[in-house]
Amino acid sequence: MENTNTTGLRENKKLRTRHRLAATALELFLERGFDSVSVADVAAAAEVSKPTLFRYFPSKEDLLLDRFADHQDEAARVVRERPAGRTPVGAVRAHFLAALAERDPITGLCDHPNVVSFTRLLYSTAGLKSRLGHYTDREVELLAAELESEAVPPLAARLAAMHLVAVRHELGRENWLRIDSGQSADEAYAAAVADADQAFAMLADGLDRALPAAAAPPTSPSAP
């Protein structure tokens, strides 16, 4: 049997390699432009072979977009862990508003120079915007599966998931446009909150009739 410590060291090494590849790629993309950097350029700069790089990232676009993978299950998790009595729309809305308050980059309302550079590269590169759809589709799939687990019919679950994910992404794009126009995150915050309130209220008018609120946790039986 393989030693647990050995397995852990191997996994840590893979994780470090993955992070090094992604960081190297981002640096080159920001310096030269996405289309001017090849996979071979990234591999050479990170001192690995192209086959090794492709074992970690299936495409050039994924070198940049893989960080979105950490958020693919976010909406599903927020819905799954919502408090009793709260609807899926209410849960996603509350989570998005909290993320706005924290200036989370995933909301688009973040003016940190590194985040601005990354987001500008993303929205100005056709290949990256197209590949981002792969991550969005997975986000919808996971959220729909969570809703189905709550006895929502498959079609209704998928339609609801598509709308909730689309609203999150569209709000993020709108917030980015404000940052890109020169507003600071603090200056854009009030408008971002107003947009989120309006968008989720529009969803709630329809979806809250079709989707269940979270059930209250079972109570412990009383002692005799």
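Residues numbered from 1 in each chain as written. Predicted model: local features only at pLDDT ≥ 70, side-chain atom pairs only at ≥ 80, totals over all residues. Heavy atoms only, no water.

Peer 1: Go over the pattern of salt bridges with me, naming the residues and quoting the values.
Peer 2: What the rule picks out here adds up to 15 salt bridges. Between Arg-131 and Asp-62 there is a salt bridge whose closest N-O contact spans 2.8 Å. With a gap of 69 residues between them, Arg-131 in helix H8 (residues 126-149) and Asp-62 in helix H4 (residues 60-65) connect regions that are remote in the sequence. Residue classification places Arg-131 among the partly exposed positions, given a relative accessible area of 25%. Classification of Asp-62 by relative accessible area gives buried; the value is 2%. Between Arg-82 and Glu-150 there is a salt bridge, with the nearest N and O atoms lying 2.8 Å from each other. One end of the pair, Arg-82, is in the loop between helix H5 (74-80) and helix H6 (88-101); the other, Glu-150, is in the loop between H8 and helix H9 (154-180), and 68 residues separate them in sequence. It is possible to trace a salt-bridge network through shared partners that takes in Glu-74, Glu-139 and Arg-168. (Salt bridge = Lys/Arg side-chain N within 4 Å of Asp/Glu carboxyl O. Helix = DSSP H or I, 4+ residues; strand = E, 2+ residues; numbered from the N terminus. Buried < 20%, exposed > 50% of the residue type's maximum accessible area, 1.4 Å probe, protein only.)

Peer 1: I'd like a description of the packing of aromatic side chains, backed by residues and values.
Peer 2: Applying the stated criterion across every chain yields a total of four aromatic pairs. Aromatic pair Phe-29 and Phe-34: ring centres 4.7 Å apart, planes at 55 degrees, arrangement tilted. The same class applies to Phe-29 and to Phe-34, which are both buried. Taking the centre distance of 6.3 Å and the plane angle of 10 degrees together, the rings of Tyr-123 and Trp-176 count as stacked. One end of the pair, Tyr-123, is in helix H7 (residues 113-123); the other, Trp-176, is in helix H9, and 53 residues separate them in sequence. For Trp-176, a relative accessible area of 5% translates into the label buried. The cationic tip of Arg-18 hangs over the ring face of Phe-57; the distance from NZ or CZ to the ring centre is 4.5 Å. Looking at Lys-60, its charged tip hangs above the ring of Phe-34, at a distance of 4.3 Å from the centre. (Phe/Tyr/Trp six-rings, centres within 6.5 Å; stacked < 30°, edge-to-face > 60°. Lys NZ or Arg CZ within 6 Å of the ring centre and 35° of its normal.)

Peer 1: I'd love a proper account of the environment of Glu-174, names of residues and values included.
Peer 2: Mapped onto the fold, Glu-174 is located in helix H9. For the pair formed by Glu-174 and Val-78, sequence separation is 96 residues and the distance between their alpha carbons is 22 Å.

Peer 1: An account of the side chain of Glu-146 is needed here, citing residue identities and associated values.
Peer 2: Tracing the backbone through its elements, the reader meets Glu-146 in helix H8. Residue classification places Glu-146 among the buried positions, given a relative accessible area of 10%. Setting aside chain neighbours within four positions, we find Glu-146 in contact with Ala-76, Val-79 and Arg-80. (Contact = heavy atoms within 4.5 Å.)

Peer 1: Give me the lowdown on H9, citing residues and values where you can.
Peer 2: Spanning 27 residues, H9 covers 39 Å between terminal C-alpha atoms, matching the ideal 39 Å at 1.5 Å per step. A positive phi of about 115 degrees marks Gly-182, the residue just after H9. (Expected span 1.5 Å × (residues − 1).)

Peer 1: Any chance you could break down the packing of H8 against H9 for me, citing the residues and the numbers?
Peer 2: The relative placement of two packed helices is expressed as an angle between their axes plus a distance between the axes. Between H8 and H9, the least distance of the axes is 8 Å, while the angle of their chain directions is 135 degrees. Relative to H9, the element H8 lies oblique. Along this stretch, H8 crosses H9, giving a crossing that reads as right-handed. Of the residues in H9, those in contact with Thr-136, Glu-139, Val-140, Glu-141, Leu-143, Ala-144, Leu-147 and Glu-148 of H8 are Pro-154, Ala-157, Arg-158, Ala-160, Ala-161, Met-162, Leu-164, Val-165, Arg-168 and His-169. When the residues that make up the contact of H8 with H9 are grouped by side-chain class, the tally is 11 nonpolar, two polar and five charged. (Axes fitted to C-alpha atoms, helices over the stretch in contact; angles between N-to-C directions. Parallel < 35°, antiparallel > 145°, perpendicular 65-115°, else oblique. Left-handed = near helix turned anticlockwise from the far one by under 90°. Nonpolar A, V, L, I, M, F, W, Y, C, P; charged D, E, K, R; others polar.)

Peer 1: Could you give an account of helix H2 (residues 39-46), naming the residues involved and the relevant values?
Peer 2: By the burial criterion, the buried members of H2 are Val-39, Val-42, Ala-43 and Ala-46. In a view along the axis of H2, the buried residues occupy a sector of 95 degrees, so they form one face of it. Following H2 by one or two positions, Glu-47 has its phi on the positive side, about 60 degrees. (Arc of directions from axis to C-beta.)

Peer 1: I'd love a proper account of the confidence of the model for the chain, names of residues and values included.
Peer 2: When pLDDT is averaged along the chain, the result is 90, and 91% of the positions lie at 70 or above. Helix H1 (residues 4-32) is the least confidently modelled element of the chain, averaging 87 in pLDDT, while H6 averages 97, the highest of any element. (pLDDT = per-residue confidence, 0-100.)

Peer 1: Let's hear about the side chain of Arg-82: which residues, and what values?
Peer 2: Here Arg-82 falls in the buried class, since its relative accessible area comes to 8%. A distance of 2.8 Å separates the side chain of Arg-82 from the side chain of Glu-150, its partner in a polar contact. (Polar contact = N/O pair within 3.5 Å; in protein donor to acceptor, adjacent residues only side chain to side chain.)

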